[in-house]
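Take a look at the letters that make up each chain.
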Amino acid sequence: MFLAPKEIKEPAGESLAYCPRRVMVSKEFTFDSAHHLFNYDGKCKAVHGHIYRLKIAVSGWFDERGISVDFGDIKQIYKEHLEPHLDHRYLNESLPYMNTKAENMVYWIFEQVAKHLPKEREIRVEYVHLCETPSSYAVFRREWLLDD
């Protein structure tokens, strides 16, 4: 027997309690890639691969729905602008010319996300966190753009 759902009523606007401050949300992705390091003496000089774990954190002010940043928007940016360069790629060929260490990659990822975020409600990237191994990672934070 199929039971129809009860009618869902939207609450009155004044009854909704939204945070009056900027709120940060984060989305995590994984991707597999290969790379090598140049001008480097160590085993990472040879081509090798990683299962990377990427966290992207963005913040914004709430809209009329009580949403600061939709997780789907972050996912779309990853799928369209990052994944084609990162997942199952040889990073030395798919990224701009750089030594493909996590600390260089986080800055490039930060810039790509910032470039493609919606412009309303002052949405901005707060940080990018990239794990190259379970115990090794790099982070780039928005406030570091202000460092001289």
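Look up a bit, the structure's there.
Given the structure is predicted, the values throughout are model-derived calculations rather than measurements.

Asker: Help me understand the sheet that holds strand S1 (residues 23-35) in this model?
Answerer: One key point about sheets: their strands pair by backbone hydrogen bonds, in either a parallel or an antiparallel sense. Taken together, the 5 strands give an open sheet; going across it, the order is S3-S1-S2-S4-S5, and neighbouring strands pair in mixed fashion. The sheet terminates laterally at strand S3 (89-90) and strand S5 (136-141), the two strands that pair on one side only. Sheet contacts for helix H1 (residues 71-86): S1, strand S2 (48-60) and S3; angle to S1, the most-contacted strand, approximately 20°. Seen against the sheet, helix H3 (residues 102-116) touches S1, S2, strand S4 (124-133) and S5 and runs at an angle of roughly 145° to S4.

Asker: Looking at this structure, how should I read H3?
Answerer: Structural remark: α-helix, 3.6 residues per turn; residues separated by three or four positions point the same way. Helix length check: H3 (15 residues) gives 21 Å between terminal C-alpha atoms against 21 Å at 1.5 Å per residue, within 8%. What H3 keeps buried is the set Ala102, Met105, Val106, Trp108, Ile109, Phe110, Gln112 and Val113. On the buried face of H3, the contacting elements are S1, S2, H1, helix H2 (91-94), S4 and S5.

Asker: What should I look at first to understand the packing of H1 against H3 in this one?
Answerer: How two helices pack is summed up by the angle between their axes together with the distance between the axes. Here H1 crosses H3 at 150°, and the two axes come no closer than 10 Å. It follows from the interaxial angle that H1 and H3 lie roughly antiparallel. Note on packing geometry: the crossing formed by H1 with H3 is right-handed. Residues Ile77, His81, Leu82, His85 and Leu86 of H1 form the contact with H3, whose participating residues are Met105, Trp108, Ile109, Gln112, Val113 and His116. Residues belonging to the contact of H1 with H3 are distributed by class as follows: 7 nonpolar, 4 polar and no charged.

Asker: Just to check I follow, could you spell out unusual backbone geometry for this structure?
Answerer: The phi torsion of most residues other than glycine is negative, and most of the peptide bonds are trans. The residue His88 is not glycine, and still its phi comes out positive at about 55°. The residue Glu122 is not glycine, and still its phi comes out positive at about 50°. Mapped onto the secondary structure, Glu122 falls in the loop between H3 and S4.

Asker: Got a minute to help me understand a nonpolar patch on the surface in this structure?
Answerer: A cluster of nonpolar side chains, Tyr107, Leu145 and Leu146, forms an exposed patch at the surface whose accessible area comes to about 320 Å². Residue position: Leu145 is located in the segment after S5. Since its relative accessible area comes to 46%, Leu145 is described here as partly exposed.

Asker: Quick question: what am I supposed to make of the pairing of S2 here?
Answerer: Consecutive residues of a regular strand have side chains that alternate between opposite faces of the sheet. As defined by bridge partners, S1 adjoins S2 across 13 bridges and the pair is classed as antiparallel. When the bridges of S2 are listed, Val23 appears paired with Gly60. Sheet topology places S2 next to S4; 7 bridges connect them, and they run antiparallel. Across the sheet, residue Ser59 finds its bridge partner in S4, namely Arg124.

Asker: What is the right way to look at the pattern of salt bridges in this model?
Answerer: Pairs can form between side chains of opposite charge once their charged atoms are near each other. Under the criterion given, the structure shown has 7 salt bridges. The partner of Glu122 in a salt bridge is Arg22, with the nearest N and O atoms 3.6 Å apart. Of this pair, Glu122 sits in the loop between H3 and S4 while Arg22 sits in the segment before S1, and the two are 100 residues apart along the sequence. Members of the salt-bridge network, linked through shared partners, are Arg124, Glu126 and Arg142.

Calculation rules
Residues numbered from 1 in each chain as written. Predicted model: local features only at pLDDT ≥ 70, side-chain atom pairs only at ≥ 80, totals over all residues. Heavy atoms only, no water. Pairing = 2+ DSSP bridges. Helix = DSSP H or I, 4+ residues; strand = E, 2+ residues; numbered from the N terminus. Contact = heavy atoms within 4.5 Å. Axes fitted to C-alpha atoms, helices over the stretch in contact; angles between N-to-C directions. Expected span 1.5 Å × (residues − 1). Buried < 20%, exposed > 50% of the residue type's maximum accessible area, 1.4 Å probe, protein only. Parallel < 35°, antiparallel > 145°, perpendicular 65-115°, else oblique. Left-handed = near helix turned anticlockwise from the far one by under 90°. Nonpolar A, V, L, I, M, F, W, Y, C, P; charged D, E, K, R; others polar. Patch = residues over 30% accessible without salt bridge, like charges linked within 9 Å, V, L, I, M, F, W, Y side chains within 5 Å. Areas by Shrake-Rupley, 256 points an atom, 1.4 Å probe, with all protein chains shown as cover. Salt bridge = Lys/Arg side-chain N within 4 Å of Asp/Glu carboxyl O.

By themselves these figures say nothing about function.
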